[in-house]
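# Structural features, examined
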Amino acid sequence: NSKVIQTPRYLVKGQGQKAKMRCIPEKGHPVVFWYQQNKNNEFKFLINFQNQEVLQQIDMTEKRFSAECPSNSPCSLEIQSSEAGDSALYLCASSHRANTEVFFGKGTRLTVV
Amino acid sequence: GDSVTQTEGLVTLTKGLPVMLNCTYQTTYSPFLFWYVQHLNEAPKLLLKSSTDNKRTEHQGFYATLHKSSSSFHLQKSSVQLSDSALYFCALSEGSFNKLTFGAGTRLAVCP
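Everything in this summary refers to the structure shown in the same document. (Residues numbered from 1 in each chain as written. Chains lettered and ligands numbered in written order. Predicted model: local features only at pLDDT ≥ 70, side-chain atom pairs only at ≥ 80, totals over all residues. Heavy atoms only, no water.)

### Focus on the overall build of chain B
Scanning chain B for helices and strands turns up zero helices and 12 strands. Scaling as 2.2 N^0.38, a compact globule of 112 residues should have a C-alpha radius of gyration of about 13 Å, and chain B matches this with 13 Å. Along the three orthogonal principal directions, the C-alpha set of chain B runs to about 45 × 30 × 20 Å. Within chain B, buried positions represent 51% of all 112 residues. Nonlocal contacts in chain B, meaning residues at least 24 apart in sequence, comprise 54% of its contacts between residues at least 6 apart. Put simply, chain B shows about 5,200 Å² of open surface, and 51% of that area lies on carbon and sulfur atoms. Seen as two clouds, the 9 positive and the 7 negative side-chain charges of chain B have centres 5 Å apart. (Helix = DSSP H or I, 4+ residues; strand = E, 2+ residues; numbered from the N terminus. Rg over C-alpha atoms; globule rule 2.2 N^0.38 Å. Buried < 20%, exposed > 50% of the residue type's maximum accessible area, 1.4 Å probe, protein only. Contact = heavy atoms within 4.5 Å. Areas by Shrake-Rupley, 256 points an atom, 1.4 Å probe, with all protein chains shown as cover. Lys, Arg positive; Asp, Glu negative; His and termini not counted. Charge placed at Lys NZ, Arg CZ, Asp CG, Glu CD.)

If you want it as structure tokens, here you go:
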């Protein structure tokens with residue numbers, strides 16, 4: 001069973017509304033990832049952290065997406081102004097170190113109506 | 001940049017038959033390949049992983065061999081079961097940051 005905990009499992013927002021989802025990585029895993037899985041099941045990498053520091057992120061030119069992994073708190077991914085095209089499954093994952101297994105949570109399914 | 005290609009979008013088979021799901025990749029790094037399986041409404045779970053050239057790796061009846069000469073990591077099973085029905089993703093690890101690049105996925109549907 002996945003030890004990466006994501007909340008909420010389902011999120012419904014209106015266009016223009018803020019959407020926030022949280023992730024508790026597996027204990028002892030310093031690296032956290034966020035992926036977006038669209039309706040065609042395609043994965044899109046969004047951002048990853050090592051401890052609280054951003055390692056890599058997509059070019060969020062619209063700046064609608066933001067993420068953080070504060071110490072002693074859940075990681076979070078926030079969409080400032082949701083759009084219909086943001087409807088997707090947002091997967092959080094964690095790993096112990098590079099080139100090892102990445103453990104996924106069950107995801108937050110965002111629907112923007 | 002890195003890329004992973006899975007050529008089959010849907011594979012439908014009768015229980016007991018063998019299966020091979022194709023995966024090829026492109027990378028400038030030393031490749032580290034993974035197969036993940038995702039059942040309906042479940043988290044993707046690791047099925048196999050490898051970075052060793054020409055060495056077969058096996059788990060839960062599935063097996064794959066990384067061939068660097070052909071940039072391939074095809075997933076195989078000798079006899080599929082109904083419970084194998086799921087989405088299968090091939091993924092490539094990108095260097096030290098561990099970011100995974102996924103293929104488009106293959107849906108395996110096993111019929112009685």
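### Brief notes about the sheet that holds strand E3 (residues 19-24) of chain A
In any sheet, the strands associate via hydrogen bonds between backbone groups, in a parallel or an antiparallel arrangement. Residues and elements named next belong to chain A. With antiparallel pairing, four strands are arranged side by side in an open sheet as E1-E3-E8-E7. Each edge of the open sheet is held by one strand with a lone partner, namely strand E1 (5-7) and strand E7 (65-68). Between one strand and the next, the sheet's axes are offset by a mean angle of 15 degrees, whatever the strand orientation. In this sheet, strand E8 (residues 75-79) lies alongside E7 in antiparallel orientation, the contact comprising four bridges. Bridged to Glu-68 within E8 is Ser-76. (Pairing = 2+ DSSP bridges. Axes fitted to C-alpha atoms, helices over the stretch in contact; angles between N-to-C directions.)

### Section: the interface of chain B and chain A
Taken together, the 23 residues of chain B in the interface contact 24 residues of chain A. Buried area between chain B and chain A, both sides added, is near 2,000 Å², and the carbon and sulfur share of it is 56%. Connecting chain B to chain A are one salt bridge. Glu-42 of chain B serves as the salt-bridge partner of Lys-106 of chain A, at 3.8 Å between the closest nitrogen and oxygen. Between chain B and chain A we count three residue pairs in polar contact (both at pLDDT 80 or more) in total. Elements with a minimum of two residues in the side of chain B that touches chain A: strand E5 (33-38), strand E6 (45-50), strand E10 (86-94) and strand E11 (99-102) of chain B. Of all the elements, E10 of chain B adds the most residues to the side of chain B that touches chain A, at four residues. Residues of the side of chain B that touches chain A, tallied by class, amount to 12 nonpolar, six polar and five charged. (Buried area = accessible area lost by both parts, 1.4 Å probe. Salt bridge = Lys/Arg side-chain N within 4 Å of Asp/Glu carboxyl O. Polar contact = N/O pair within 3.5 Å; in protein donor to acceptor, adjacent residues only side chain to side chain. Nonpolar A, V, L, I, M, F, W, Y, C, P; charged D, E, K, R; others polar.)

### Things to note about the layout of surface pockets
Of the volumes computed, that of the largest pocket is approximately 290 Å³. Surrounding the largest pocket, 18 residues form its lining, Asn-41 and Arg-109 of chain A together with Gln-38, Leu-40 and Asn-41 of chain B being those nearest its centre. The class makeup of the residues in the lining of the largest pocket is five nonpolar, seven polar and six charged. (1 Å grid on protein atoms, 1.4 Å probe; cavity = no way out; pocket = protein on both sides within 12 Å on 5 of 7 lines; lining within 4 Å. Points joined across faces, edges and corners; volume = space filled by probe spheres on them.)

### A short note on the pairing of strand E12 (residues 106-111) of chain B
Consecutive side chains along a regular strand alternate between the two faces of the sheet. Residue and element names in this part refer to chain B. Burial along E12 is one-sided: Thr-106, Leu-108 and Val-110 are buried, and none of Arg-107, Ala-109 and Cys-111, which face the opposite way, are. Judged from the five bridges that link them, strand E2 (residues 10-14) and E12 form a sheet pairing that is parallel. Of the residues in E12, the one forming a bridge with Val-11 is Leu-108. In the sheet, E10 pairs with E12 via three bridges, with the strands oriented antiparallel. Bridge pairing in E12 places Ala-86 opposite Leu-108.

### Some words on the packing of aromatic side chains
Here the structure, examined in full by the defined rule, presents 15 aromatic pairs over all chains. Ring geometry for Phe-43 of chain A and Phe-102 of chain B: centres 3.9 Å apart, planes at 15 degrees, overall stacked. With Phe-43 of chain A in strand E5 (residues 43-50) and Phe-102 of chain B in strand E11, this pair bridges two chains. A residue is classified by how much of its surface remains accessible, and Phe-43 of chain A, at 12% relative accessible area, is buried. For Phe-102 of chain B, a relative accessible area of 10% puts it in the buried group. Here the aromatic rings of Phe-62 of chain B and Tyr-88 of chain B are separated by 5.7 Å at their centres, their planes lie at 40 degrees, and the arrangement is tilted. With a gap of 26 residues between them, Phe-62 of chain B in strand E8 (residues 62-65) and Tyr-88 of chain B in strand E10 connect regions that are remote in the sequence. (Phe/Tyr/Trp six-rings, centres within 6.5 Å; stacked < 30°, edge-to-face > 60°.)

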